[in-house]
Amino acid sequence: MKILITGASGMLATDLVKCLQRDFELVGVDVRAPQVPEGSFKRFYNTGGDPIQGPKLWEKIMREQSPDIVFHAAAMTAVDRCEAEPELAEALNVKLTRDVFQAANQTGAHFVFLSTDYVFDGKKEAPYETEDLPNPKSIYGQTKADAEELVKTGAKAYTIFRISWLYGLYGDSFPRTILEKAGQAGHFDIVHDQVGRPTYTVDLSGIFCEIFKAYTANAAFKKRLKGQIYHLGNDGTASWAEFAEFILAQAGLGSTRVNRIATPPKHRPAERPKMSVMSLEKAKRDFGVNPRHWHEAAGEFVQSYQKHSGASLGKK
Ligand SMILES: NC(=O)c1ccc[n+]([C@@H]2O[C@H](COP(=O)([O-])OP(=O)(O)OC[C@H]3O[C@@H](n4cnc5c(N)ncnc54)[C@H](OP(=O)(O)O)[C@@H]3O)[C@@H](O)[C@H]2O)c1
């Protein structure tokens, strides 16, 4: 079973590769070098300097590799930058997605698309279900919602996974910023009126590994996955302020005060959903997964971060 991963040098994909390489043949594609040894891949395409951009590049790669699954993690993920550069966001989140799934269609690969809580407006007072209607409030959310629609109508075999509040050792994320700034900051002002599911890339990668193993072993499972949307993440919920307090306490920095504040008007260029919690019930039912509580995962993250003196990890 061969899995092609786009955005293979990114934060989630790096942990995913570490997990998948034990059981699968992997092909990576990114515009920059991988954060794992290149030997982790059967073939790695660094397309940063490739003059053949657009559909032809992806058709060539699919023809050469003929993967069973395409895991499309490549995206423009800096949500505030998407507001400033909407055309680039459209190119990387919508057009790139279309080019990749159309090429996957030609060789019969199952297309896995990663979407986000930002497709919702965040006004619901309960966790979002997979069938709730998107109503994005930011360019990032709009481009991801547009890409979801294209995938649903144009990809021959697909599954959409919406994820949120991701952090890991191999990219910029909220808990890393807290740990990096805690030394200089006597206190933080952090919003307490936005809630979500802090989700560790290691845990999410483990879930994807189990899903792809079941996909390989079980034809009925493979059939069931087709054309579905799932929400994935760690269990439990938190506000950003609660998340920061927990990270600081785990790192032995509990004396750094967190002031819990309400989101100020025009706080950041991209509007953040107030309610980012997405229900995990469908994934629990269909996959039998039982994600651990985010406390346990975040505690482990802090330990790994401190062990690797993480400040240098995942920097471009
Ligand atoms: N992080 C979150 O909280 C979160 C939440 C919900 C959904 N997601 C989705 O989950 C996926 C993975 O997220 P992540 O946080 O791991 O993202 P990430 O670290 O930004 O990884 C994305 C990777 O894709 C690369 N890339 C950009 N354009 C490309 C292209 N044309 N061809 C090949 N590679 C390209 C990026 O390179 P450069 O960095 O050099 O541009 C980066 O290495 C994304 O689709 C994201 O939208 C993330």
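Note that the coordinates shown come from a computational prediction; the quantities given were computed from them, not determined experimentally. (Residues numbered from 1 in each chain as written. Predicted model: local features only at pLDDT ≥ 70, side-chain atom pairs only at ≥ 80, totals over all residues.)

Enquirer: Just give me the short version of the overall build of the protein chain, but keep the residues and values in it.
Expert: A count of helical and extended segments in the protein chain gives eleven helices and 13 strands. Compactness check: the protein chain gives a C-alpha radius of gyration of 19 Å against a globular reference of 20 Å for 316 residues, within 12% of the reference. In terms of overall dimensions, the protein chain has C-alpha extents of about 55 × 40 × 40 Å along its principal axes. A buried classification covers 46% of the 316 residues belonging to the protein chain. Sequence-distant contacts in the protein chain: of pairs separated by 6 or more residues, those separated by 24 or more amount to 78%. (Helix = DSSP H or I, 4+ residues; strand = E, 2+ residues; numbered from the N terminus. Rg over C-alpha atoms; globule rule 2.2 N^0.38 Å. Buried ≥ 20, exposed ≤ 12 C-beta atoms within 10 Å, placed from the backbone. Contact = placed C-beta atoms within 7 Å.)

Enquirer: I'd like a rundown of the site of the ligand, residues and numbers included.
Expert: For the ligand, the set of nearby residues contains 25 residues, the closest of which are Gly7, Gly10, Leu12, Ala75 and Leu166. Mapped onto the shell around the ligand, the elements with two or more residues apiece are α1 (11-20), β2 (25-30), α4 (86-107) and β5 (110-116). Ranked by the residues each element gives to the shell around the ligand, the list is headed by α1, at three residues. Across the shell around the ligand, the residue classes break down as 14 nonpolar, nine polar and two charged. (Near = placed C-beta within 6 Å. Nonpolar A, V, L, I, M, F, W, Y, C, P; charged D, E, K, R; others polar.)

Enquirer: Got a sec to walk through the pairing of β2? Specific residues and values, please.
Expert: Each regular strand displays side chains that alternate between the two surfaces of the sheet. Counting buried positions along β2 yields five of six residues, so the element is predominantly enclosed. Bridge count between strand β1 (residues 2-6) and β2: five bridges; the pairing is parallel. Residue pairing across strands places threonine 6 opposite valine 29, the latter belonging to β2. Handedness of the β-α-β unit built from β1, α1 and β2 comes out right-handed. Note that β2 and strand β3 (residues 43-46) share four bridges and pair parallel. Bridge pairing links aspartate 30 to asparagine 46 in β3. (Pairing = 2+ DSSP bridges. Right-handed = clockwise from strand over helix to strand, strands pointing away.)

Enquirer: Would you mind going over the environment of valine 27 in detail, with residue names and values included?
Expert: Here valine 27 is to be found in strand β2. You can call valine 27 buried: it has 23 C-beta atoms within 10 Å. Sequence separation between valine 27 and lysine 181 is 154 residues; the distance between their C-alpha atoms is 36 Å. Among residues more than four places away in sequence, those in contact with valine 27 are Lys2, Leu4, Phe41, Lys42, Arg43, Gln65 and Pro67.

Enquirer: Can you lay out unusual backbone geometry for me, pointing to particular residues and giving the numbers?
Expert: Among all residues save glycine, negative phi is the norm, and among peptide bonds the norm is trans. Here the phi dihedral of serine 66 falls at roughly 45°; this positive angle occurs in a residue that is not glycine. Tracing the backbone through its elements, the reader meets serine 66 in the loop between α2 (55-65) and β4 (69-72). Of note, the phi angle at tryptophan 165 is positive, near 45°, even though the residue is not glycine. When you line up the elements, tryptophan 165 lands in the loop between β6 (158-163) and β7 (166-167). C-beta crowding within 10 Å serves as the criterion here: with 26 such atoms nearby, tryptophan 165 is assigned to the buried category.

Enquirer: Any details on the packing of α1 against helix α7 (residues 201-217)? Residues and values, ideally.
Expert: When two helices pack together, their arrangement is given by the angle between the helix axes and the distance between those axes. It is the contact of α1 with α7, at a shortest axis distance of 8 Å, that shows an interaxial angle of 50°. Between α1 and α7, the angle falls in the class oblique. Crossing hand, α1 versus α7: right-handed. Judged by residue contacts, Met11, Leu12, Asp15, Leu16, Cys19 and Leu20 of α1 engage Thr201, Val202, Leu204, Ser205, Gly206, Phe208, Cys209 and Phe212 from α7. Residue classes in the contact of α1 with α7 are distributed as ten nonpolar, three polar and one charged. (Axes fitted to C-alpha atoms, helices over the stretch in contact; angles between N-to-C directions. Parallel < 35°, antiparallel > 145°, perpendicular 65-115°, else oblique. Left-handed = near helix turned anticlockwise from the far one by under 90°.)

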